[in-house]
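Chain by chain, the residues run as shown.
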Amino acid sequence: MQRLLFGVWSALLTLCCLVPVAAGQCERIFLVGGNYRIQTTFHNMQDGFFGAPPVSGADESQVFMDTRLRLYFDFRPSQFVLVNYKMEIGDITFGAANPPISDADGRRLPNVGRGSGGTPGSDGVNVETKNAYIDIQAPWVPGLSFRGGIIGWGDQFDWAIMATDFTGFQLTYQRQALWTQFTYLKLFEGSIRTNADDSNWYALDTRLGLSSKTALTGSVYFWDDNDNDNPVTGRNAYQIYAGLKLNTVLFDKGLLEMSGVYNAGQEFLGQNVRSGPAGIVRRGLAGSTNHGFMANVHFDYPLGKHWVGATVQYISGERGSRLALDGSGKDIHAFLSLFNSQYSGFGASRYTEGGGLELITLGQMNDSTAGLNNVSVSPYFGGGYNGRLLAVARAKFYATPVLFVYVAAGLDRAARPNANGDSDRGIELSTYLHWDIFPKLWLRVGGAYMITGDWWKNNSDVRIQGFPDPLGLRSGTPNSIFQFMTRLQYNFG
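Residues numbered from 1 in each chain as written. Predicted model: local features only at pLDDT ≥ 70, side-chain atom pairs only at ≥ 80, totals over all residues. Heavy atoms only, no water.

### Observations regarding the overall build of the chain
Along its length, the chain carries three helices and 20 strands. Counting over 493 residues, the chain shows a buried share of 50%. For the chain, contacts bridging at least 24 residues in sequence account for 62% of all contacts bridging at least 6. When the accessible area of the chain is evaluated, it comes to approximately 21400 Å², of which 60% is carbon and sulfur surface. (Helix = DSSP H or I, 4+ residues; strand = E, 2+ residues; numbered from the N terminus. Buried < 20%, exposed > 50% of the residue type's maximum accessible area, 1.4 Å probe, protein only. Contact = heavy atoms within 4.5 Å. Areas by Shrake-Rupley, 256 points an atom, 1.4 Å probe, with all protein chains shown as cover.)

Here's what the structure looks like:
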C-alpha cells in the first residue's frame, strides 16, 4: 500500500515539475498570518495544564505566564506552486511547576532556561516548525491539488478522533458542490529498514453540497498500527472509523450540525508492556477487540448581533476500570480514539495529555478552532473507557461593537459507571470578557469553575494518565477545580 502511495506521489510531482513558470513572473515571499500572545493562568489542577482535580489536603494552585509567537509564510514561485512555512517560538512559561514540554522519552523538560530562551543573556534555541509543505495545483485537471510535507490535519468530527501536525501528503479535488480529500499520515516511524513496526493513518473525506444551505460529509479513517501488533498471537493492531455529518440551516438563521461515527478495531495501543511509578504496568488490551459510537449535535442561533447555542454529545463507554479492562482479554464496548488513549495521543505534551477536563474554558480562552464548537479539544479525560454524556449551553452578548461577554454552562457524565459505580464527572460554569482594543489587538479575561462529581473519587484510572510516563496524578476525594486566564494577543495578516 505504501509503495503504491509513494509511486502516485512521485508521478504527480514529476508531472507538476513539467509545468512552466509564467514568463516574467518573479518569486515572492509573503507573511500571510500569525499571532503573538502573552497569557497568565491561575488554576488548581494536578499536573499544571491538563490534569485531574486536586485531592483533599493538597494545595495544587499555581500562577504562571506563557508567551507564544506564530508566523506563517507563503513562498509563491508560480500560480501553480505554493510553499508554506509556519513557525512558533513558545510556549515559553514563567513560573509553571510542570512545564508542558518533554523529551523523546516523555520526560518533562524546563522550557525557561539555557537553550530555550527566557534567561538573562541567553537567546536560546526554541523555534518550532509547525508546518512546512508544498501545494501544487494540477493545471491539466481543474480542481485537483497535491500537498506534501509537515501538514496540519484533523478529523471532520470536532477533532474528537485525532488532530495535530503530521508528516504526510494529501490529494484534494474540489469542483462546484463536491469536495473530496485523501490523506496519508506517518504517525510513528520504527526501523527505517522495515515497515512492520510503523504506524500509518489513511483518511478519505468527501463533502457534497445538497443545496445552498445544506451539506453532507462522509468520512472513513483507517489506522494501521503495526507498532502495536500482538507479538504472541500475530494479530494486527488497527482501528477503523466511519462517519457522516450533516450541516444545515434551520429557521432561516440557525446553524445545525449533526454527526455520528462508528469505530471498530483490535489491539488498541497493543501489547507493549510499559511500566511506571507505583508499580503500574500497562499491557494493552491482551488480544481484545473494541467497537463503539460517538454522536454530536450542535445548534447555534443568532439574535441580532448576539447568539445562543447548545451542544449534546454521546460517546459510548464500558463499565469498570480501564486499569482492569486493559489486559483482561475482554471486548471493549467503547468508542476509542487517539484523544482518549491512555497516554492520549502522540506523547507527553500539553496538547495531548488527556485534556478536556475543563469542558468549556480551554477552547474559548485559547481561541481553539477545534472541538465541540470550541467546547474542548479533547472529548473526555484520557484515563477512562467509561464514555461520555455531555450537555453544554452557551451564549455571546455584545455590550459594544468592540466588547462582548461569553458565558457557558456544562453537565458532564460518564456514559457507563466506573469501577466504583459512579458516573457523575461534574458541572461547570464559565465566562470571559473579550475587548478589541485596536484592530487585530484583543484582550480576554475570564475563567471556569467545575464542581467535580463522584466519578473522580478514588478512581484508579486517574493514576495511569500519561503513559508511557505517568504524570504522577493522585486519586482520592476530589476538590472542585478552577482556571482563570488573562490573554493579550495581536494577530498578523
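After presenting the structure, the write-up continues.
### Looking at unusual backbone geometry
At Gln176, a residue that is not glycine, the phi angle is positive and equals roughly 55°. When you line up the elements, Gln176 lands in the loop between strand S6 (163-175) and strand S7 (178-188). Despite not being glycine, Phe251 shows a phi value in the positive range, around 55°. For Phe251, the location among the structural elements is in the loop between strand S10 (238-250) and strand S11 (254-266).

### A short note on the pairing of strand S15 (residues 306-315)
Where strand S14 (residues 289-303) lies against S15, ten bridges are found, and the strand directions are antiparallel. In the sheet register, Pro302 faces S15, and the bridge partner there is Trp307. The pairing of S15 with strand S16 (residues 388-400) spans nine bridges and is classified as antiparallel. Directly across from Gly309, in S16, lies its bridge partner Arg394. (Pairing = 2+ DSSP bridges.)

### Some words on the pattern of salt bridges
Pairing between side chains becomes possible if they bear opposite charge and their charged atoms approach one another. Summed over all chains, the structure comprises nine salt bridges. Linking Asp412 and Arg388 is a salt bridge whose minimum nitrogen-to-oxygen distance equals 3.0 Å. Placement of Asp412 in strand S17 (residues 403-413) and of Arg388 in strand S16 is noted, with a sequence separation of 24 residues between them. What emerges from the salt-bridge pattern is a single network uniting Arg70, Glu88, Glu128, Lys130 and Asp165. (Salt bridge = Lys/Arg side-chain N within 4 Å of Asp/Glu carboxyl O.)

### Points about the pairing of strand S19 (residues 441-452)
Strand direction decides the pairing type here: strand S18 (residues 424-438) and S19, joined by twelve bridges, are antiparallel. Bridge pairing in S19 places Tyr432 opposite Gly446. Where S18 hands over to S19, the hairpin turn is made up of two residues, of which Lys440 adopts a positive phi near 80°. For S19 and strand S20 (residues 481-492), the ladder comprises ten bridges, and the chain directions are antiparallel. Bridging across to S20, Met450 finds its partner in Ile481.

### Quick word on the confidence of the model for the chain
Chain-level statistics for the chain give a pLDDT mean of 76 and a share of 67% at 70 or above. This stretch, residues 97-114, has a pLDDT under 50; its non-local contacts, to residues over four places away or in other chains, come to 46 contacts. Segment residues 271-282 is flagged for pLDDT under 50; beyond a separation of four residues in sequence, or across chains, it makes 41 contacts in the model. (pLDDT = per-residue confidence, 0-100.)

### Section: the environment of Gln313
Its location among the elements puts Gln313 in strand S15. Sequence separation between Gln313 and Met258 is 55 residues, and the spatial gap between their C-alpha atoms is 10.0 Å. One polar contact links Gln313 to Asn296, side chain to side chain, over a distance of 3.1 Å. (Polar contact = N/O pair within 3.5 Å; in protein donor to acceptor, adjacent residues only side chain to side chain.)

### Observations regarding the environment of Val405
Along the chain, Val405 turns up in strand S17. Residue Val405 is classed as partly exposed on the basis of its relative accessible area of 30%. In this structure the C-alpha to C-alpha distance between Val405 and Leu433, which are 28 residues apart in sequence, comes to 4.7 Å.

### With respect to the nonpolar core
Within soluble globular proteins, side chains that are nonpolar generally end up buried alongside one another. Of all hydrophobic cores here, the largest spans 25 residues; its most connected members are Trp153, Ile161, Met162, Leu185, Trp201 and Tyr221. Secondary-structure elements contributing two or more residues to this core are strand S5 (144-154), S7, strand S8 (199-209) and strand S9 (215-225). Here Leu185 is in contact with Ile151, Trp153, Met162, Phe166, Thr167, Gly168, Ser199, Asn200 and Trp201, once residues within four sequence places are set aside. Residues Ile136, Phe146, Phe169 and Tyr202 belong to the second largest nonpolar core, which totals five residues. (Core = buried A, V, L, I, M, F, W, Y, C linked by side-chain atoms within 4.5 Å.)

### Some remarks on the packing of aromatic side chains
All chains considered together, the criterion is met by 20 aromatic pairs. Ring centres of Tyr490 and Phe492 lie 5.3 Å apart, and the angle between their planes is 75°; on these two criteria the pair is classed as edge-to-face. Its relative accessible area of 33% is what places Tyr490 among the partly exposed residues. Here the aromatic residues Phe146, Phe169, Tyr184, Tyr202, Phe222 and Tyr238 are joined through ring pairs into a cluster of three or more. Between the NZ or CZ atom of Arg207 and the centre of the ring of Trp179, over which it lies, the distance is 4.7 Å. A cation sits over an aromatic face here: Arg444 above Trp442, 4.5 Å from the ring centre. (Phe/Tyr/Trp six-rings, centres within 6.5 Å; stacked < 30°, edge-to-face > 60°. Lys NZ or Arg CZ within 6 Å of the ring centre and 35° of its normal.)

### What about a nonpolar patch on the surface?
Taken together, the side chains of Leu178, Leu208, Leu210, Leu216 and Leu244 define a hydrophobic patch exposed on the protein surface, amounting to about 420 Å² of accessible area. Positionally, Leu210 belongs in the loop between S8 and S9. (Patch = residues over 30% accessible without salt bridge, like charges linked within 9 Å, V, L, I, M, F, W, Y side chains within 5 Å.)

### Points about the environment of Gly317
Structurally, Gly317 can be placed in the loop between S15 and helix H2 (322-325). Considered as a pair, Gly317 and Gly292 are 25 residues apart in the sequence and their alpha carbons are 7.3 Å apart.

### Quick look at the side chain of Arg444
Looking at the secondary structure, you find Arg444 in strand S19. Polar contacts involving the side chain of Arg444 include one to the side chain of His434, which spans 2.8 Å.

### A few points about the side chain of Asn386
Within the secondary structure layout, Asn386 lies in the loop between helix H3 (361-365) and S16. Overall, the relative accessible area of 1% leaves Asn386 in the buried class. In this structure the side chain of Asn386 is engaged in a polar contact, spanning 3.4 Å, whose partner is the backbone oxygen of Pro417. The contact partners of Asn386, leaving out residues within four places of it in the chain, are Gly317, Glu318, Arg319, Gly320, Ala414, Ala415, Arg416, Pro417, Asn418 and Trp455.

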